[in-house]
Amino acid sequence: EKRSDHQQKVKNTYIRISLPAVCFVWQIAMVLLFGIFIRYNEEADAHWVEHKQQHNLTDIDNDFYFRYPSFQDVHVMIFVGFGFLMTFLKRYSFGGVGFNFLIAAFGLQWALLMQGWFHSLDQDTGKIYIGIENLINADFCVAGCLIAYGALLGKVSPVQLMVVTLFGITLYAVEEYIILNLLHCRDAGGSMVIHCFGGYYGLAISWVLYRPNLHQSKHNEGSVYHSDVFAMIGTLFLWMFWPSFNSAITNHGDGQHRAVINTYIALAASVVTAVAISSMFHSKGKLDMVHIQNATLAGGVAMGTSAEFMISPYGALIVGFFMGIISTFGYVIVTPFLAKSLKLQDTCGVHNLHAVPGMLGGFIAAIVAAFASDSVYSHQGLINTFDLTGEYASRTMSTQGGYQAAGTCVAMAFGLIGGAIVGLILKLPIWGDPADDNCFDDEAYWEVRACFRPLDVALAL
Amino acid sequence: EKRSDHQQKVKNTYIRISLPAVCFVWQIAMVLLFGIFIRYNEEADAHWVEHKQQHNLTDIDNDFYFRYPSFQDVHVMIFVGFGFLMTFLKRYSFGGVGFNFLIAAFGLQWALLMQGWFHSLDQDTGKIYIGIENLINADFCVAGCLIAYGALLGKVSPVQLMVVTLFGITLYAVEEYIILNLLHCRDAGGSMVIHCFGGYYGLAISWVLYRPNLHQSKHNEGSVYHSDVFAMIGTLFLWMFWPSFNSAITNHGDGQHRAVINTYIALAASVVTAVAISSMFHSKGKLDMVHIQNATLAGGVAMGTSAEFMISPYGALIVGFFMGIISTFGYVIVTPFLAKSLKLQDTCGVHNLHAVPGMLGGFIAAIVAAFASDSVYSHQGLINTFDLTGEYASRTMSTQGGYQAAGTCVAMAFGLIGGAIVGLILKLPIWGDPADDNCFDDEAYWEVRACFRPLDVALAL
Amino acid sequence: EKRSDHQQKVKNTYIRISLPAVCFVWQIAMVLLFGIFIRYNEEADAHWVEHKQQHNLTDIDNDFYFRYPSFQDVHVMIFVGFGFLMTFLKRYSFGGVGFNFLIAAFGLQWALLMQGWFHSLDQDTGKIYIGIENLINADFCVAGCLIAYGALLGKVSPVQLMVVTLFGITLYAVEEYIILNLLHCRDAGGSMVIHCFGGYYGLAISWVLYRPNLHQSKHNEGSVYHSDVFAMIGTLFLWMFWPSFNSAITNHGDGQHRAVINTYIALAASVVTAVAISSMFHSKGKLDMVHIQNATLAGGVAMGTSAEFMISPYGALIVGFFMGIISTFGYVIVTPFLAKSLKLQDTCGVHNLHAVPGMLGGFIAAIVAAFASDSVYSHQGLINTFDLTGEYASRTMSTQGGYQAAGTCVAMAFGLIGGAIVGLILKLPIWGDPADDNCFDDEAYWEVRACFRPLDVALAL
């Protein structure tokens, strides 16, 4: 107890040097690396006018018009969706939406580089040529780190979050390369590479950073009435735009069309079953805002991989049906259990919304892929959907299913191992993280107007 | 008075059995019916790659790219627009946005089936083939029920709302079939089938469910400062995306283009005249948030049918001009009058925002249609706009105008009669609705954090 | 002091006659002018079906499909972005979002006319033919006035705001004509015509309307916890959709594609450097919400002109990098200095977010244009990007750069001189503006529910 007391006193949220230093140094590094590597691709370059003449294209053939509406929706999910979902804490709304903004803005730059080196590097020129699809993928890559932030919310400093993001993006780019390129899996909406990876990454970090005296911040945890309404803004923008998320980088035409339908349907079922389970677990049948804010989204997570497959509308409905149940169960039963038994402090419950539904989504897609057939997809449709060309032309669908399952395991392993290592780095006493009795409190990192306190008194008493 | 007291005591908001039961049974029914009936249409099916080759199409010809941006905007209107518009009550924001979420998510599934049977059923295979247009129509269908919810807000249980939705979707599909198919009316943005029907449906239910002692919940009714700001989120997303709503399923090309322009213009005028009337009715010229939140939208409602017609920009401006006036008058004069004289308790004033502007929009469109001519539309343009093909090729425009007017009456009749019947069903004492002194209070159906009460005390005193 | 006391007493926020009168008279004028001048263009007219056959077009060639998604994003920026950004004041959120709504809705009508007369008037028919691009431009035009509102927030009456808008739109249309047509500058995202003009327009008005006793309203100024979260809704929607803003009216194909990439990148860098500077200026390194809400957007403002140029991704990153720094410095150092030395009361700090970054964006684009070359753009690409056709075919790039710089000066001059004149008009004692001790208070112009005061007491004590 004494030692812990001592530890508290050493902790110090002074970040006036570390935060500007990290921001400036890394941002300058981005400028230099962008200068060396990043260029417009032929669809965004002013040479397009000549390019389209040479290839007999018209402006509408520019990939921009196939993907831009989805891109903007994904962008809203990243900044308003994830950002406002994390405003639910009564005294940490600034940190929820504000740090989300910071790390997403930094992360997408680093993601353009990391994903560029792995996927868009031209071997001849040594340059990365970017277009709209790269922007979408950068946003996706950032999503993994924002999911991890959900497990850490209120317990880390912004400097630590920058570190989480730097390593998170790096790990993401590597696991994505292994899963999509080496294993040749499909994962358009990222059940594996985004949600499963991001969820376990955050959980592993949180586990390493376990705070035995976090109960000292209990007066700060929890929501108030209006903070729960703010969080619903996040929930709804995530929920509404998830069809865009899962279809943003699928094939033109039927691929995007089908991914939208499947995601739309799965999400609808999740809402209904999440409400049912939430009501069942309360003595008078009352609903819990935590479940409505989170478990309603589980169907979208789990459809991330199979949204572009011919899972059929009722297949999507069944996935959403069970995900709403499993996720709500998670919030009611599993999170408290993990907190007690595994010493896992998961602020937003990313275990129930991302890690488990992402993992299950990966395995569901493995099964759906294994049973895919020419008769259901058409011969050319099967080739298109699973990109069975070149060296993969002879891969059987059951083999593909096996690789999809293996990909899910890779994502989980990267999350858990990478997260454990990053957690250890974050234990260094240089990052300005808050003391155990100072968590979930914006006063640590934000100038909060004087008039805040009295409201707080009114709210807390 | 004693009887009423007695009645109060029997009322009981215990829904731990009924709500999960309704959710599970109906959701399982959805799974089964989707399994039997619903399939992807040729634009969303993996066979698309073969289909487009056979029909000499390219990916951009997929209807997805003509409608997807509008679909996502409509989706935002349904969940954030309607949802946040109903957060204005100081103690019922969870119920406003949360129950809206639940019934919309359930309703869109049932709508895919009901509308599918009437409009997209393939007689040969017995299957419903869905694509992006079906998703938009399902959202539209749900909008009718959400409008009805506006009249009932705070006075019904979520189980009752599920019943309202089940019957509402069913009634909608039937009246829509009569109006669009049998009468061959045009109603792209649904002044008739959505707003007029939904408004009168909700009013009729509310009238049957009249609560003589609702004044006992007066301390819960009304807004607070921040709940009014939350409601503005709903208002603005409805207002901004209404051009997408009215153009989402109009003809490709000029149809969508013109519907956007007309709606954009009409809505702008509504704002200006709503402000003017709101100011005129206050002794010092102050504005009332209720009018700004609602009457500003009336131009969009009234343009629902004629948005795709050649009503001309100034025609749209005139419609918006008068709708802003009529709707604000409604809030100031008519709603209080209806409450006293007709015992009609209309929480959100859907009478002024949906029922009347929807009805007027139907009749305005009838007049605009009756005066449509080859010279204004071009010969082919007239045929395209009113779909005067096949058996309707010889229909004159004045006849078309007559049918449009008849369609409006059908929508109103379905709303009033259907609502009265559903209201009677909801009077059964099994639905867990709140007592008269327990309305407009989230505590009835939501786990509200302990710290809510003190804030509430601070607010109410 | 006595004179000032006297002045206070004469002031009177009674607007029951003036506000409805202005709204009705101007709205009726709009109806008449629309009736005389405004018609659908050939892409929105029902004749499109014949037009496309004659010109061998298909529906997807309709400009609607190239611009509609961007239009809706811009629309969100105007109404939710600007509107919610101005809800940050603890007692002026209604006025922030509500008056923004009013003047934008009026302004876009007047803008359709003013811009139409200058740009879309058919000399033969005397009509203005409008389509989706006109709607975007009307929203742009309105943005200039909303920026000006930011400097005046809380200190003017809605009647004054209508006057600001009427003259602002008029001035905008003239300076835009000079800059885009006479000087033949490029300014797709409006660093010059929107931000530089709007910023200086608002500052000049505010300077003329200087209130020496504004400190008497100090108790009303400033934010509370939740009003700062509301403002983040505005910030994020502006930030996320800025790529759509800067690309909405650029060339089809590479023009739109490139403008999106440049804006996305510049904005990301602004966030990181704004955070760094904000932290550096606080004794413990804490962040200030004012900077996060505003300075993070400066990169988007400054990329307004050069977004469509081949500034290259690292060029965009550098612009964003410095704009985040300059804008945050502005909030910390320059705004307080201007308030003291220049008697410039700039409520939202539009000097730091719009005026200076807009001006710098104009000059940056002048430099980028001056160095543009065939090798970087391709010959045809250069002609396309700078529209060097007809009489401008022989203009050299360094000449173009000079004109771009001149255009920036024109925008600034129009803002400063026009604003000074409008400010003098607003000093007439007929507009119902609030007294110095009554600013920043919604009670002056809004019916605020009784329960507001106690919360306020709780907040203020």
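Just so it is clear, the model here is predicted, and its values are computed rather than measured.

J.: Explain the relation of the copies chain B and chain C here, please?
T.: The pair of chain copies shares a relation made of a rotation about an axis and a shift along it. Mapping chain B onto chain C is achieved by rotating through 120° and translating by 0.0 Å along the same axis, at an RMSD of 0.0 Å. On the angle and the small slide along the axis, the relation comes out as a three-fold axis. In terms of C-alpha distance to the rotation axis, chain B has P69 of chain B as its closest residue, with the C-alpha 3.5 Å off the axis. Both copies present different contact surfaces, since only 10% of the interface residues of chain B are interface residues in chain C too.

J.: Just checking my understanding: could you explain the interface of chain C and chain A for this structure?
T.: Contact residues are listed per partner, giving 78 residues for chain C and 78 residues for chain A. Together, the buried faces of chain C and chain A total about 6800 Å²; carbon and sulfur atoms form 75% of this surface. Inspection of the region where chain C meets chain A yields 24 residue pairs in polar contact (both at pLDDT 80 or more). Elements with a contribution of two residues or more to the side of chain C that touches chain A: α4 (64-85), α9 (225-247), α10 (254-280), α11 (289-294), α13 (313-341), α15 (374-377), α16 (379-386) and α18 (452-460) of chain C. When residues of the side of chain C that touches chain A are assigned to their parent elements, the largest contribution, 19 residues, is made by α10 of chain C. Class assignment for the residues of the side of chain C that touches chain A results in 46 nonpolar, 25 polar and seven charged.

J.: Mind showing me how you'd approach the pattern of salt bridges here?
T.: For side chains of opposite charge, pairing can occur when their charged atoms come near one another. Residues and elements named next belong to chain A. The final tally for this structure, using the stated rule, is 21 salt bridges over all chains. The closest approach of N and O atoms between D59 and K52, which form a salt bridge, is 2.8 Å. With respect to class, D59 is no different from K52; both count as buried. Taking the shortest distance from any N to any O, the salt bridge between R67 and D63 comes out at 3.3 Å. Separated by four residues within a single helix, R67 and D63 lie in helix α4 (residues 63-85), roughly one turn from each other. You'll find R67 and D63 in the same group, each marked buried.

J.: Is there a simple way to explain the interface of chain B and chain C in this structure?
T.: Often the size quoted for an interface is simply the accessible area lost on bringing the parts together. Listed per partner, the contact involves 78 residues of chain B and 77 residues of chain C. Summed over both partners, the interface of chain B with chain C buries about 6800 Å², with 75% contributed by carbon and sulfur atoms. When the buried surface of chain B facing chain C is broken down by residue, Y225, H257 and Y264 of chain B rank first, second and third, together holding 13% of it. The interface formed by chain B and chain C contains zero salt bridges. Counting across the chain B and chain C interface gives 23 residue pairs in polar contact (both at pLDDT 80 or more). Mapped onto the side of chain B that touches chain C, the elements with two or more residues apiece are α4 (64-85), α9 (225-247), α10 (254-280), α11 (289-294), α13 (313-341), α15 (374-377), α16 (379-386) and α18 (452-460) of chain B. No other element matches α10 of chain B, which puts 19 residues into the side of chain B that touches chain C. When the residues that make up the side of chain B that touches chain C are grouped by side-chain class, the tally is 46 nonpolar, 25 polar and seven charged.

J.: Please explain the UniProt feature "domain: Ammonium transporter AmtB-like" (unreviewed entry) in chain A as it appears in this structure.
T.: Summarizing the sequence annotation, UniProt attributes the feature "domain: Ammonium transporter AmtB-like" (unreviewed entry) to residues 57-445 of chain A in the numbering used throughout. Secondary structure across residues 57-445 of chain A divides into 69% helix and 1% strand, with the first and last C-alpha atoms of the span separated by 52 Å.

J.: Explanation requested: the confidence of the model for chain A in the structure shown.
T.: Residue and element names in this part refer to chain A. With 95% of its residues at a pLDDT of 70 or more, chain A has an overall mean of 94. Every residue in residues 451-461 is under pLDDT 50, and counting partners more than four places away or in other chains gives 24 contacts. Complex prediction metrics read pTM 0.96 and ipTM 0.95.

J.: I tried to follow the packing of aromatic side chains on my own but got confused; where do I start?
T.: Both the distance between ring centres and the angle between the ring planes are used here to describe each pair of aromatic rings. Counted according to the given criterion, the structure contains 87 aromatic pairs over all chains. Considering the side-chain rings of F281 of chain C and F329 of chain C, the 5.4 Å spacing of their centres and the 80° angle between planes classify their relative orientation as edge-to-face. Here the residue F281 of chain C occupies a position in the loop between α10 and α11, and F329 of chain C occupies one in helix α13, the gap between them amounting to 48 residues. Classification of F281 of chain C as partly exposed rests on a relative accessible area of 36%. Through a chain of ring-to-ring contacts, the aromatic side chains of F64, Y65, Y68 and F71 of chain A together with F66 and Y264 of chain C assemble into a single cluster. Directly above the ring of Y403 of chain A sits R395 of chain A, whose terminal nitrogen or CZ lies 3.9 Å from the centroid.

J.: What's the story with the packing of helix α9 (residues 225-247) of chain A against helix α10 (residues 254-280) of chain A in this structure? I'm lost.
T.: Between two packed helices, the angle of one axis relative to the other and the distance separating the axes together describe the packing. All names here are of chain A. Direction vectors running N to C along α9 and α10 enclose 145°, while the axes themselves pass 8 Å from each other. Crossing angle aside, the handedness with which α9 passes α10 is right-handed. Facing α9, whose interface residues are W239, W242, P243, N246 and S247, α10 presents Q256, A259, V260, T263, Y264, L267, A268 and V271. Of the residues assigned to the contact of α9 with α10, the class counts are nine nonpolar, four polar and no charged.

Analysis parameters
- Residues numbered from 1 in each chain as written.
- Chains lettered and ligands numbered in written order.
- Predicted model: local features only at pLDDT ≥ 70, side-chain atom pairs only at ≥ 80, totals over all residues.
- Heavy atoms only, no water.
- Least-squares fit on C-alpha atoms with pLDDT ≥ 70 in both.
- Contact = heavy atoms within 4.5 Å.
- Buried area = accessible area lost by both parts, 1.4 Å probe.
- Polar contact = N/O pair within 3.5 Å; in protein donor to acceptor, adjacent residues only side chain to side chain.
- Helix = DSSP H or I, 4+ residues; strand = E, 2+ residues; numbered from the N terminus.
- Nonpolar A, V, L, I, M, F, W, Y, C, P; charged D, E, K, R; others polar.
- Salt bridge = Lys/Arg side-chain N within 4 Å of Asp/Glu carboxyl O.
- Buried < 20%, exposed > 50% of the residue type's maximum accessible area, 1.4 Å probe, protein only.
- UniProt positions renumbered as here; feature names shortened; annotations may be inferred.
- pLDDT = per-residue confidence, 0-100.
- Phe/Tyr/Trp six-rings, centres within 6.5 Å; stacked < 30°, edge-to-face > 60°.
- Lys NZ or Arg CZ within 6 Å of the ring centre and 35° of its normal.
- Axes fitted to C-alpha atoms, helices over the stretch in contact; angles between N-to-C directions.
- Left-handed = near helix turned anticlockwise from the far one by under 90°.

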